[in-house]
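# Examination of the molecular architecture
Okay, here's what each chain looks like letter by letter:
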Amino acid sequence: MTDSQQKIADVCDEMKNVLLYKNEKYGDSALHPNNVFYKGDSTNSIKIRLDDKIGRVKNCKETRINDVADIIGYCVLLLVSMGATVEDFEKLKD
């Protein structure tokens, strides 16, 4: 692996670790919402969270690692909620 490829792998591995940690900590609420106030499905709920986070980043003077990681995390959760499969990702390879 090149140095860049190793860094990509490291970031992806750590994002996975953070997502699994938060999933356990928050009780899988992103993919199985409590529906206390918002009664929609998980996909739309994640889109709302993603939209809010992007809006915050847009309005900040500096972009923080936490903000980018949150956006990546919400995108991964969105893919899961949409039912993305290994086959879907295989199709993305040229």
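Above this note sits the structure.
We now turn to the structure provided with this report. Model, not experiment: these values are computed from the prediction.

About the cut-offs
- Residues numbered from 1 in each chain as written.
- Predicted model: local features only at pLDDT ≥ 70, side-chain atom pairs only at ≥ 80, totals over all residues.
- Heavy atoms only, no water.
- Disulfide = S-S within 2.5 Å.
- 1 Å grid on protein atoms, 1.4 Å probe; cavity = no way out; pocket = protein on both sides within 12 Å on 5 of 7 lines; lining within 4 Å.
- Points joined across faces, edges and corners; volume = space filled by probe spheres on them.
- Helix = DSSP H or I, 4+ residues; strand = E, 2+ residues; numbered from the N terminus.

### A word on the state of the cysteines
Evaluated as defined, the whole model comprises 0 disulfides. Here C12 stays unpaired: no disulfide links it, and the sulfur of C75, its closest cysteine neighbor, is 13 Å away.

### Topic: the layout of surface pockets
Gaps left between atoms show up when a probe the size of a water molecule is rolled over them. For the largest pocket, the calculated volume is near 360 Å³. What lines the largest pocket is a set of 17 residues, and nearest its centre among them are L19, K22, Y26, Y74 and L77. Looking at the lining of the largest pocket, the elements that each hand over two or more residues are α1 (3-25) and α3 (65-81). Here the lining of the largest pocket takes 6 residues from α3, the largest share from any one element. In this structure, the second largest pocket encloses a volume near 190 Å³.

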